Amino acid sequence: MNLIPVQLYYEESGTGYPVIFLHGFPFDHTIWEPLVPFMTDKAHLIFTDLRGHGRSPVPDGNYSMRLLAEDVLNLMNTLKIETAVLVGHSMGGYASLAFAQAYPHRLAGLGLVCTQAGADAPERRQARYQLAEEVGRKGIKAVAENMAPRVTRNPEQVKPLQKLIMQNNPKGIIASLKGMAERPDALGWLSAISTPAVVVAGEADVFVPLERARTMAQLLGKAWLVELPGVGHMPMLDAPQATADALNQLIQMVISG
Ligand code: MLT
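Residues numbered from 1 in each chain as written. Predicted model: local features only at pLDDT ≥ 70, side-chain atom pairs only at ≥ 80, totals over all residues. Heavy atoms only, no water.

### Structural notes on the pattern of salt bridges
Move 1: Counted by the stated rule, this structure contains ten salt bridges.
Move 2: Between R51 and D71 there is a salt bridge, with its nearest N and O atoms 2.7 Å apart. Here D71 lies in helix α1 (residues 65-78) and R51 lies in the loop between β3 (43-48) and α1, a separation of 20 residues in the sequence.
Move 3: R128 serves as the salt-bridge partner of D120, at 2.6 Å between the closest nitrogen and oxygen. Note on accessibility: D120 and R128 belong to one class, buried.
Move 4: Bridged by salt links that share partners, the residues D120, R128 and R183 form one connected network. (Salt bridge = Lys/Arg side-chain N within 4 Å of Asp/Glu carboxyl O. Helix = DSSP H or I, 4+ residues; strand = E, 2+ residues; numbered from the N terminus. Buried < 20%, exposed > 50% of the residue type's maximum accessible area, 1.4 Å probe, protein only.)

Written out as structure tokens, the structure is:
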């Protein structure tokens, strides 16, 4: 297995306990910006661009979730961070779970935002390969037009999200789609995660059904669930204060041990 990490692009704010944010597919670190005014002043917030996204490198090969986890470990080592809270949105959540499995001793808490632990059903997997093929033919437009109107319930967010998606490199988008399609099921070992975790779910999320978020919260050892009514797949944009409140509670719990 190729597990050669890259140096991720990141931006940071605040000082205190390290909290690393991993965005979903096919966005970048800027999706978290609306949260910042509501976040605790007791944390060192680190916002990354995952490989193939934003300003991070776009290497060859499929981007397995395990490989994304390796990039996060590399970033922690570069920043001399021994343990951190990981906050993962959607694909960033898949990567956070892969990190939790590979490096449990480096993890202090998990914020799982609109994400799930189960692998793809065969139809979903097939749809990802089809979309990857379409991106190869038509470019990123294929993803931007298809996804942006469905991730948020706020029509004003659609154009900015399309613009953000369009800034990505098609090669990185294709590699991520294939990586997500191939991700293994994590349901079987979730109960082994011993850190505190919060699961934030949008009740109107069409990408991650509420049932999947509920199942994940039940299987995690020390988790609680925050369901946001009227919110879709992007709670950091559509309900920033409620999302930050949930994460602040997690961070406070980690700090006070
Ligand atoms: C994401 O937001 O990361 C993706 O929608 C996740 C997915 O398609 O499973």
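Okay, back to it.
### Considerations on the side chain of T48
Move 1: When you line up the elements, T48 lands in strand β3.
Move 2: Judged by relative accessible area, T48 falls into the buried class, the value being 0%.
Move 3: Beyond its immediate chain neighbours, meaning those up to four positions away, T48 contacts L8, Y9, Y10, I20, F21, L22, H23, H29 and L75. (Contact = heavy atoms within 4.5 Å.)

### As for the sheet that holds strand β5 (residues 107-113)
Move 1: Strands sit in the order β1-β3-β2-β4-β5-β6-β7 across an open sheet of seven strands; the sheet is mixed. The sheet terminates laterally at β1 (10-13) and β7 (222-228), the two strands that pair on one side only. Strand-to-strand twist of the sheet, defined as the mean angle between neighbouring strand axes without regard to direction, takes the value 20°.
Move 2: Here strand β4 (residues 84-89) runs beside β5; their pairing, made up of six bridges, is parallel. Of the residues in β5, the one forming a bridge with H89 is V113.
Move 3: Against the sheet, helix α2 (residues 91-102) touches β2 (17-22), β4 and β5, its axis set at about 145° to β4. (Pairing = 2+ DSSP bridges. Axes fitted to C-alpha atoms, helices over the stretch in contact; angles between N-to-C directions.)

### Remarks on the pairing of β3
Move 1: With six of six residues buried, β3 is to be regarded as a mostly interior element.
Move 2: Alternating residues of β3 divide into A43, L45 and F47 and H44, I46 and T48, and every residue in both groups is buried.
Move 3: Relative to β3, β2 runs parallel, the two being bridged by six bridges. Along β3, the bridge assignment pairs Y17 with A43.

### Remarks on the packing of helix α4 (residues 141-151) against helix α5 (residues 158-166)
Move 1: Where α4 meets α5, the closest approach of the two axes is 9 Å, and the angle between their N-to-C directions is 145°. For the element pair α4 and α5, the recorded crossing hand is right-handed. Note on element contacts: α5 touches α4 through V158, L161, Q162, I165 and M166, opposite K141, V143, A144, E145, A148, P149 and V151.
Move 2: The class makeup of the residues in the contact of α4 with α5 is nine nonpolar, one polar and two charged. (Left-handed = near helix turned anticlockwise from the far one by under 90°. Nonpolar A, V, L, I, M, F, W, Y, C, P; charged D, E, K, R; others polar.)

### Notes on the site of the ligand
Move 1: Close to the ligand lie G24, F25, S90, M91, Y94, R124, R128, M147, M180, F207 and H233, which account for all nearby residues.
Move 2: The contact in question runs from an oxygen atom of the ligand to an N or O atom on the side chain of S90, over 2.8 Å.
Move 3: M91 has a polar backbone atom sitting 2.8 Å from an oxygen atom of the ligand.
Move 4: Here the ligand, which alone exposes 270 Å², has 98% of that area covered by the protein.
Move 5: Counting only elements with at least two residues in the shell around the ligand, the list comes to α2 and α3 (122-138).
Move 6: Classifying every residue of the shell around the ligand gives six nonpolar, three polar and two charged. (Near = heavy atom within 4 Å. Polar contact = N/O pair within 3.5 Å; in protein donor to acceptor, adjacent residues only side chain to side chain. Areas by Shrake-Rupley, 256 points an atom, 1.4 Å probe, with all protein chains shown as cover.)

### Some remarks on α1
Move 1: A rise of 1.5 Å per residue sets the reference length of α1, with its 14 residues, at 20 Å; its end C-alpha atoms lie 20 Å apart and thus fit the reference within 8%.
Move 2: Among the 14 residues that make up α1, eleven are buried, leaving the element largely enclosed by the rest of the structure.
Move 3: When we look at burial in α1, the residues that qualify are M65, L67, L68, A69, E70, D71, V72, L73, N74, L75 and M76.
Move 4: Residues of α1 that are buried make contact with β1, β2, β3, β4, α2 and α6 (170-181).
Move 5: Residue K80 follows α1 closely and has a positive phi angle near 55°. (Expected span 1.5 Å × (residues − 1).)

### Thoughts on the packing of aromatic side chains
Move 1: Applying the stated rule across the entire model yields three aromatic pairs.
Move 2: Here F99 and Y103 contribute two aromatic rings whose centre-to-centre distance is 5.5 Å and whose plane-to-plane angle is 50°, an arrangement assigned as tilted. Summarising the burial analysis for this pair, F99 and Y103 share the class buried.
Move 3: Between R51 and the ring centre of Y63, over which it is positioned, the NZ or CZ distance is 5.3 Å.
Move 4: Over the aromatic face of Y94 sits the side chain of R183, whose NZ or CZ is 3.9 Å from the ring centroid. (Phe/Tyr/Trp six-rings, centres within 6.5 Å; stacked < 30°, edge-to-face > 60°. Lys NZ or Arg CZ within 6 Å of the ring centre and 35° of its normal.)

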